[in-house]
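Residue-level listing of the chains:
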Amino acid sequence: MASVSLPSGSNQAARLSLPVEGMTCASCVGRVERALKAVPGVQTATVNLATERADVSFSDVADPQAAVSAIESAGYAVREETTELAIEEMTCASCVGRVEKALTQLPGVLSASVNLATERARVRHLAGVISTADLEAAVVQAGYKARRLSAETPNVNDQDTERRENEARGLRRSLLIAGILTLPVFILEMGSHLIPPMHHWVQGVLGEQTSWYIQFVLATLVLFGPGLRFFRKGIPALLRGAPDMNSLVSVGTAAAYGYSVVATFIPEVLPKGTANVYFEAAAVIVTLILLGRTLEARAKGRTSQAIKRLVGLQAKTARVERNGETVEIPLDQVTTGDVVFVRPGEKIPVDGEVVEGASYVDESMITGEPLPVSKGVGAAVVGGTINKTGAFSFRVTKVGANTVLAQIIRLVEEAQGSKLPIQALVDKVTMWFVPAVMAAAALTFLVWLIFGPDPALTFALVNAVAVLIIACPCAMGLATPTSIMVGTGRAAELGVLFRKGEALQALRDVSVIALDKTGTLTKGRPELTDLVPAKGFEYSEVLALVAAVETRSEHPIAEAIVLAAKQQGITLATIEGFDAMPGFGVTAKVDGRVVSVGADRFMTQLGLDVASFKSTAQRMGEQGKSPLYAAIDGRLAAVIAVADPIKETTPEAIKALHVLGLKVAMITGDNAATAVAIAKQLGIDEVAAEVLPDGKVAALKKFRVNGARVAFVGDGINDAPALAEADVGLAIGTGTDVAIEAADVVLMSGDLRGVPNAIALSQATIRNIKQNLFWAFAYNAVLIPVAAGALYPLNGTLLSPIFAAAAMALSSVFVLGNALRLKRFQAPMTIETLSETAESGAEIIPVIASK
């Protein structure tokens, strides 16, 4: 990958290499070159059609954005890439802002999103303009560590787990040491103030100066032992002009400690009456903040349990055939085309197709169906599912990141790493928060020093330290991402996959739920109920010809017709010249006869009058059946009725949506009579019937009355545009990959009851985020003035730095604890999507079925 070469001297031009897409001939090359040469500062521009790259040299610093704009204005495109980085050593929201700023300032970076809870950065940049090494270097320059995440494996990997466990162990060890060393300091100083016998013992037996010496030694060990982590991070950040939470702790504890050292060893330099020590404040602050960090690390580990359980579904090894022998190998060594052997009770390691044997497989973690599914030769199997009875072998079709389970893990991680619109304000505030706190502490010191009572210096120091310590951007930074992590993880357990975290916020605001009919409201497995032939045609003759044509169609109605023919023992002929017209019908030649099957509008297009079947079609429509017509050799041959059974759970789900105060609409390609019959049966509020695939988008727009936000639920290929157009698109998990890819939310069990569950969870998550943000902001808004001494003129109240440290530590723990409450979220509608298997003993989470 080429990168920007910045000038090292005044005569050396910066060079830029951009991948250009869409060029087809030499004239394209000329247009791109002319567009680039017109950019201010460009010296030369050379475009190569074979390599599809544009090499540009600038007289000064390279300007990738200007070059890209020029190429796009010429009618071509520059490819973009997204790189994910693991960011280490971030501690608060201000760290997030600085990493994002460092990344977005790089030439060629279009956007950067950093998540404190997941410790991930997602960077969107121009391909070929900037390398991963450049991104990592920018993060290091900002004072943090970065490494690229592999696209081949899920982000929750052994390296991350080991690092976090080591970090947690280090925090626990530091907390233990700090606690042991701090306790004597606290007893000596605070005990002598609060307990009279202790005071007499310190003054009369030990001696005040000796007490101070002991406190000095122990506090020094605390600050420059367990507490050294704050100085190592905080001081460099302060020197870079980008202070963070560690800087606040460093300055606050250093001020208390330094003042105490002066009071202990050279008290004569201080004003009379101000020689007091605050060793206990410095030591206790460090200990309490370490306690908060330890609890925070523990809580963070619990927020990602959903991902860990998904990863736990993966088998560790596979038994494969190599060189005529069966060997057991690690999963990462399995390749596409390998033959894998599975015994009863074992997990199926990867996706594949059965080539020998038969068995029943527990796919409840995929479909939510409790009964095992029969698998024979040719059947597809999915990695992570459990083989129940027989033994079989299968040929591997997908491995690594391409397996269904890996894709689900990836999608959940992406949702957990997303930023909601509600966080935009938080990011803006926290970037300036730490510098503002330091300014407030300096102002507090000056005000107390100038206007405070004697000893003014002591009051000024204590209150300034309290202001520094009590400010906690950690809570603000964790408020949103932790709720998203827990909320999306809980959603996965309930059979709802949020592909995009933004859908969590958007789903809460919808007022109209538009539902596709086939496969969403219905089972998606229609049955042939009627076939009425026209004069001159026989029932079996028409069914044989129509079924032969429909063998080439993937539409559920076609499957019903083919199944009916096979059940009657009809042998289907080979067809040729198959032609499908979406929204109308299909045409093919069967044994030399031209057969067309489709809706009444298709017959009209073919010049055929369906009036002779008007009463029959009307009766069928009133019964909720879908009338179709067949034409053979240019003559109307029959009217066919197909009924798609309503799912048993559909009425219950629609009632639940009405209880939530939502309007329910149905969009379908069925004729109006059929659609109205089904809507009346289910209690649906609005109907858009006879809608072609491209008309679903227009139908959605009509539902946006008075600014109403619309969610669309569908499962087919023709639903993809509507799923993308809707404010929130929800795909049925048993639908097509195209529909799932276009959706924001996936109902993994294929159960429509997941829609009210998803909405309820969205509402609960956003409510949880608002609670966290209120606490984080209100905590600082109230306690920073208190720490500064705002209540002192009223009632003499001052906040000790020790209590400030305790409050600061507890604020982050409160936010994390509140977010973890979402793990206990109870869905309004129960769907059996979790099962436990005696074979694995693990909790199983449903994932999307592969098509």
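None of the values given here were measured: they were computed from a predicted structure.

Peer 1: Hey, could you run me through the sheet that holds strand 13 (residues 359–362) in this one?
Peer 2: Sheet strands pair by backbone hydrogen bonding; their relative direction is either parallel or antiparallel. In space, the three strands of this open sheet follow the order 14-13-16, with antiparallel pairing throughout. Looking at the sheet topology across the chains shown, the edges are occupied by strand 14 (373–375) and strand 16 (386–387). Note: strand 13 against strand 16, two bridges, orientation antiparallel. Note on strand 16: the bridge partner recorded for Val361 is Asn387.

Peer 1: Just to check I follow, could you spell out the pairing of strand 2 (residues 42–48) for this structure?
Peer 2: Walk down a regular strand and you will see the side chains alternate between the two sheet faces. Where strand 2 lies against strand 3 (residues 53–58), six bridges are found, and the strand directions are antiparallel. Bridge pairing in strand 3 links Val42 to Phe58. Linkage of strand 2 to strand 3, two consecutive antiparallel strands, is achieved through a turn of four residues, within which Glu52 is found at a positive phi near 55°.

Peer 1: What's the story with the state of the cysteines in this structure? I'm lost.
Peer 2: In protein chemistry, a disulfide is the covalent bond that joins the sulfur atoms of two cysteines. Under the counting rule described, the total for this entry stands at zero disulfides. Unpaired in this structure, Cys25 has its nearest cysteine sulfur neighbour in Cys28, at a distance of 3.7 Å.

Peer 1: What should I look at first to understand the UniProt feature "transmembrane region" (unreviewed entry) in the chain in this one?
Peer 2: In this structure's numbering, the residues bearing the UniProt feature "transmembrane region" (unreviewed entry) are residues 174–192, 212–231, 243–266, 278–295, 429–451, 457–480, 773–792 and 798–820. As a span, residues 243–266 carries 88% helix and 0% strand, and end to end its C-alpha atoms are 31 Å apart. From the first C-alpha to the last, residues 773–792 spans 28 Å; its make-up is 85% helix and 0% strand.

Peer 1: Teacher, can you tell me more about the pairing of strand 29 (residues 728–732) here?
Peer 2: Across the five residues that make up strand 29, a large majority, five, are buried. Covered by surrounding structure in strand 29 are Val728, Leu730 and Ile732 together with Gly729 and Ala731, the residues of both alternating faces. Here strand 29 runs beside strand 30 (residues 745–747); their pairing, made up of three bridges, is parallel. Pairing of Ala731 across the sheet is with Val746, part of strand 30.

Peer 1: Help me understand the pattern of salt bridges, please; the structure alone is not making it clear to me.
Peer 2: Side-chain pairs of opposite charge can arise whenever the charged atoms involved come near each other. One pass over the structure, following the stated rule, counts 19 salt bridges. The residue Arg147 makes a salt bridge to Glu88 at a minimum N-O spacing of 3.8 Å. In this pair, Arg147 sits in strand 8 (residues 145–148) while Glu88 sits in strand 5 (residues 80–88), placing the two residues 59 residues apart along the sequence. Three or more residues joined by partner-sharing salt bridges are found here, namely Arg319, Glu328, Arg343 and Glu346.

Peer 1: Could you clarify how one ought to interpret the nonpolar core in this entry?
Peer 2: Buried together is how nonpolar side chains tend to be arranged in soluble globular proteins. If you look at the biggest cluster of nonpolar residues, it comprises 132 residues, and the most contacted ones within it are Phe498 and Ile513. Of the residues forming this core, the biggest block, 14 residues, is contributed by helix 28 (residues 754–788). The next biggest cluster of nonpolar side chains, apart from the first, holds 43 residues, and it includes Leu531, Phe537, Leu545 and Val595.

Rules and cut-offs
Residues numbered from 1 in each chain as written. Predicted model: local features only at pLDDT ≥ 70, side-chain atom pairs only at ≥ 80, totals over all residues. Heavy atoms only, no water. Pairing = 2+ DSSP bridges. Helix = DSSP H or I, 4+ residues; strand = E, 2+ residues; numbered from the N terminus. Disulfide = S-S within 2.5 Å. UniProt positions renumbered as here; feature names shortened; annotations may be inferred. Buried < 20%, exposed > 50% of the residue type's maximum accessible area, 1.4 Å probe, protein only. Salt bridge = Lys/Arg side-chain N within 4 Å of Asp/Glu carboxyl O. Core = buried A, V, L, I, M, F, W, Y, C linked by side-chain atoms within 4.5 Å.

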